[in-house]
Every structure is written in structure tokens, then in C-alpha cells.
Amino acid sequence: MRSGLPIRTIIVDDEVLARRKIRALLQPHRDFQVIAECSAGSEAVTQILELKPDLLFLDIRIPEMDGFEVLRKLSRSRCGTSSSRRRTMSTPFELSR
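What comes next is a walk through the structure. (Residues numbered from 1 in each chain as written. Predicted model: local features only at pLDDT ≥ 70, side-chain atom pairs only at ≥ 80, totals over all residues. Heavy atoms only, no water.)

**A word on the pairing of strand β1 (residues 7-12)**
With 6 of 6 residues buried, β1 is to be regarded as a mostly interior element. Residues I7, T9 and I11 line one face of β1 and the alternating positions R8, I10 and V12 line the opposite face, and both faces are buried. Pairing of β1 with strand β2 (residues 32-38), which is carried by 6 bridges, proceeds in the parallel orientation. Opposite I7, over in β2, you have F32 as the bridge partner. The sheet contact formed by β1 and strand β3 (residues 55-58) spans 4 bridges and is parallel. Considered in β3, the bridge of I11 is made with F57. (Buried < 20%, exposed > 50% of the residue type's maximum accessible area, 1.4 Å probe, protein only. Helix = DSSP H or I, 4+ residues; strand = E, 2+ residues; numbered from the N terminus. Pairing = 2+ DSSP bridges.)

**Details of the pattern of salt bridges**
Using the criterion set out here, one finds 4 salt bridges in the structure. Linking R19 and E37 is a salt bridge whose minimum nitrogen-to-oxygen distance equals 3.2 Å. On the criterion of sequence distance, the pair formed by R19 in helix α1 (residues 16-26) and E37 in strand β2 is long-range, its members being 18 residues apart. Look at the salt bridges and you will find they share partners, linking R19, R23 and E37 into a network. (Salt bridge = Lys/Arg side-chain N within 4 Å of Asp/Glu carboxyl O.)

This is the structure:
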């Protein structure tokens, strides 16, 4: 993180309500700036490489490629990544009945 600057954040989830919830939780904290929201894997890869966020909220189950494949593509590209990059995985816990 750059000293004194907000934590530039991208939220990746295919569910609009989940993205809204994360944004709402971050909104009161001036330390965070949501710079993009994405609903699919390829969009996420493009936005992450272009915007170079400090923090990533990444759902595992998203269209086109799962969250793990997004991370693999980012790690292969090495473009715009830094050793200080933070990644957070978030996904709802589903019970099989």
C-alpha cells in the first residue's frame, strides 16, 4: 500500500447483491477506494492488469473462469503485479442437502 493513499480495491462477483454488500461494508472506511467491479473472470483479469489494485475481493464461482483461474492468469502475466499485492478470496458457503 502507498503511504497515505487509499487502498485501491476491485470487487469480483457475479452476484450484484454480493458486490453491493462488499461496497457497502467498505464505504464508511475512507482508507478504501473501490476502483472497479467485475462480474466475470475475463473482465476481472483485464481490469486487474489495467488498474493494478492493492486489494482484490474475488469470488471463486464466477462465469467464464473461476477465481483460481483468474489468479493463475495473473500470475502467468506478471504484468503489473508487485510483491505487496494483496488478494482476498470470498465466496458463499453452500451446503448440499
